[in-house]
Amino acid sequence: FDPEDIDMDVDPNRSESFYAAVRKYWPDLQDGNLVPDYSGVRPKRMHPEMWGNDGYHDKAYLKDFLIAGPEQHGVRGLIYLLGIESPGLTSSLAIGNGVAQIIE
């Protein structure tokens, strides 16, 4: 599988099908509110077959987000926040509290 072989062009002519789908739950969506943007391959931190059990790259540690402080990587004052996708917005207050605990 080569990502270069995938046509990632965004076809603005498909917008009507998107409007129809969105209007099922947002009937007041106005024409022109949806704007075609981009498409592509979204990277992931690590494929599940590559997970180990070293305490830093184990399955439990990499399920959703990677939040690692000096205790995990050994660099004083550095906190990683990686792989935070759409649930991160919903979780942002909890993530902030977790980072605050690492700092303290």
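Calculation notes
- Residues numbered from 1 in each chain as written.
- Predicted model: local features only at pLDDT ≥ 70, side-chain atom pairs only at ≥ 80, totals over all residues.
- Heavy atoms only, no water.
- Salt bridge = Lys/Arg side-chain N within 4 Å of Asp/Glu carboxyl O.
- Buried < 20%, exposed > 50% of the residue type's maximum accessible area, 1.4 Å probe, protein only.
- pLDDT = per-residue confidence, 0-100.
- Helix = DSSP H or I, 4+ residues; strand = E, 2+ residues; numbered from the N terminus.
- Contact = heavy atoms within 4.5 Å.

Here we take up the pattern of salt bridges. Opposite charge on two side chains makes pairing possible when the charged atoms of those side chains draw close. All chains considered together, the criterion is met by one salt bridge. One salt bridge connects Asp31 with Arg23, and the closest N-O pair in it is separated by 2.6 Å. The exposure class assigned to Arg23 is partly exposed, which follows from its relative accessible area of 27%.

Right, let's talk about the confidence of the model for the protein for a bit. Counting all residues, the mean pLDDT for the protein is 78, and 73% of those residues have values of 70 or more. Ranking the helices and strands of the protein by mean pLDDT puts helix 1 (residues 15-22) first, with 89, and helix 3 (residues 87-90) last, with 70.

All right, on to the environment of Val22 then. Within the secondary structure, Val22 is located in helix 1. We classify Val22 as buried; its relative accessible area is 15%. Other than its neighbours up to four places away in sequence, Val22 contacts Leu29 and Leu34.

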